[in-house]
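As a plain string of letters, each chain reads:
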Amino acid sequence: MGQSLIGVNPTSVDLVDVGKDEEVKMRPGQVLHIVNKLYPYTVQFAEESGKDVTEAEEKVQAEKRPCEDSSENDDIENVPRKAKKTEVVDTQGSSAELKLSKTSVFPQEGTSSKKEHLGHWSQGLKSSMQDPKMQVYKDEKTVVIKDKYPKARYHWLILPWESIPSLKTVTREHLGLLEHMHAVGEKMIDQCPARGSLEFRLGYHAIPSMSHLHLHVISQDFDSAALKTKKHWNSFTTEYFLNSQDVIEMVRSKGKVTVKDHASELLKLPLRCHICKQQLSTIPQLKEHLRKHWPK
DNA sequence: GTTCTAGAAC
DNA sequence: GTTCTAGAAC
């Protein structure tokens, strides 16, 4: 869902959709008074050393260093950084009963009942994707980061700059973007020194844990210390993992993505090698088995 | 999504 | 006794 801003007209509420290609230019420090007649807000754009999303898009510094594994990832996740895009300041005491309509301003800000959402772990990608130290590639539409807990030797996430919560909100309007994300994923593979020896898959989790649409690009060795549970395994090796190409085709034909009802049960399936289909009883045994399929 | 750990499984 | 999994996390 795209963000929307509410007009300043004090007597009527105008919703301006800026979701697609938001063109609301705000400068750091500029103050925008967003006034829902019942719920006044002041949105202030905090300074961010020239790293506003829109600016980042304009820069389009298509830098690529996919596979050169640099140092260890700094653990800067879930720390709600001050230099976010916007700050919402409640200029009036908030009344508990007054809720912003669903299509209202900044979905993640919540209303008042429950707070934290931006600092919640499920929102982690939103901050990671903005962190230059995490970015491995970026262009006008997307950014690529390495999965913080890679489940294989190579595991990237392709994310759109546009705020799309998940596949649930994807429509035909997004087809071009989905195809671009796929193309970027393949470009990452092309750049990878192991492209000749490892297989790769590109796809989405049927029921992702992390908010913000993200395409997984993962090598099929599954040689990773972060791969620890049956859920991990099955989320990448059963139909829980939706091929990017299939998703694109589904959006093209149906205009949306539907997920099978039993998707969540797939995570409980017995451990089975994705290559030879042998069943293993524990994760350690599975990991030992996988070595047989490693490239020589 | 991960961490932690109780208790099931071996 | 050790390994391993699965569910809570205020």
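Further up the page is the structure itself.
Let me sum up the structure you'll find in this document.

How each quantity is defined
Position numbers for residues count from 1 along each chain, tracking the sequence in the order it is written. Chains carry letters from A onward and ligands carry numbers from 1 onward, assigned in written order. With pLDDT at 70 or above as the cut-off, local features in this predicted model cover only qualifying residues; side-chain atom pairs require 80 or more to be listed or tallied, and sums for whole chains, interfaces and linings still use all residues. Here the side-chain values reflect all heavy atoms present in the structure, with hydrogen atoms and water set aside. Consider each residue's heavy atoms; a residue with any of them within 4 Å of a molecule or strand counts as near. Residues adjacent in sequence count toward polar contacts only when both atoms are side-chain atoms; beyond that, a polar contact is any pair of N or O atoms within 3.5 Å, and within protein one must be able to donate a hydrogen and the other to accept it. Comment: elements are numbered from the N terminus, with helices defined as DSSP H or I runs of at least four residues and strands as E runs of at least two. Each residue after the first adds 1.5 Å to the expected span of a helix. Think of it in three bands: with a 1.4 Å probe and only protein chains considered, a residue is buried below 20% of the maximum accessible area for its type, exposed above 50%, and partly exposed in between. Residue contacts are counted whenever heavy atoms from the two residues lie within 4.5 Å of one another. Strands were regarded as paired on the criterion that DSSP finds at least two bridges between them.

## Here we look at the protein's contact with DNA strand B
Surveying the vicinity of DNA strand B reveals the residues Trp 121, Tyr 149, Lys 151, Ser 209, Met 210, Lys 228, Lys 231 and His 232. Counting only atoms of DNA strand B within 4 Å of the protein, the fraction found in sugar and phosphate groups is 52%. Take Lys 231: an N or O atom from its side chain is 3.5 Å from a phosphate oxygen of DNA strand B. A distance of 2.7 Å separates a phosphate oxygen of DNA strand B from a polar side-chain atom of His 232.

## Some points on helix α3 (residues 175-191)
With 17 residues, α3 should reach 24 Å at 1.5 Å per residue; the first-to-last C-alpha distance of 24 Å fits that figure. Buried residues of α3: Leu 175, Leu 177, Leu 178, His 180, Met 181, His 182, Val 184, Gly 185, Met 188 and Ile 189, and no others. Looking at the buried side of α3, the elements it contacts are β6 (135-138), β7 (142-146), β8 (155-160), β9 (200-205), β10 (215-219) and α5 (244-254).

## A few points about the protein's contact with DNA strand C
Neighbouring DNA strand C are the residues Thr 282, Ile 283 and Pro 284. Each atom of DNA strand C within 4 Å of the protein was assigned to sugar, phosphate or base; sugar and phosphate come to 100%. In this structure, a phosphate oxygen belonging to DNA strand C sits 2.8 Å away from a main-chain N or O atom of Ile 283.

## Things to note about the pairing of β10
Counting buried positions along β10 gives five out of five residues, so the element sits mostly inside the fold. Covered by surrounding structure in β10 are Leu 215, Val 217 and Ser 219 together with His 216 and Ile 218, the residues of both alternating faces. Pairing of β8 with β10, which is carried by four bridges, proceeds in the antiparallel orientation. The residue of β10 that forms the bridge with Ile 158 is Leu 215. In terms of strand pairing, β9 meets β10 through four bridges, oriented antiparallel. In the strand pairing of β10, Arg 201 is matched with Ile 218.

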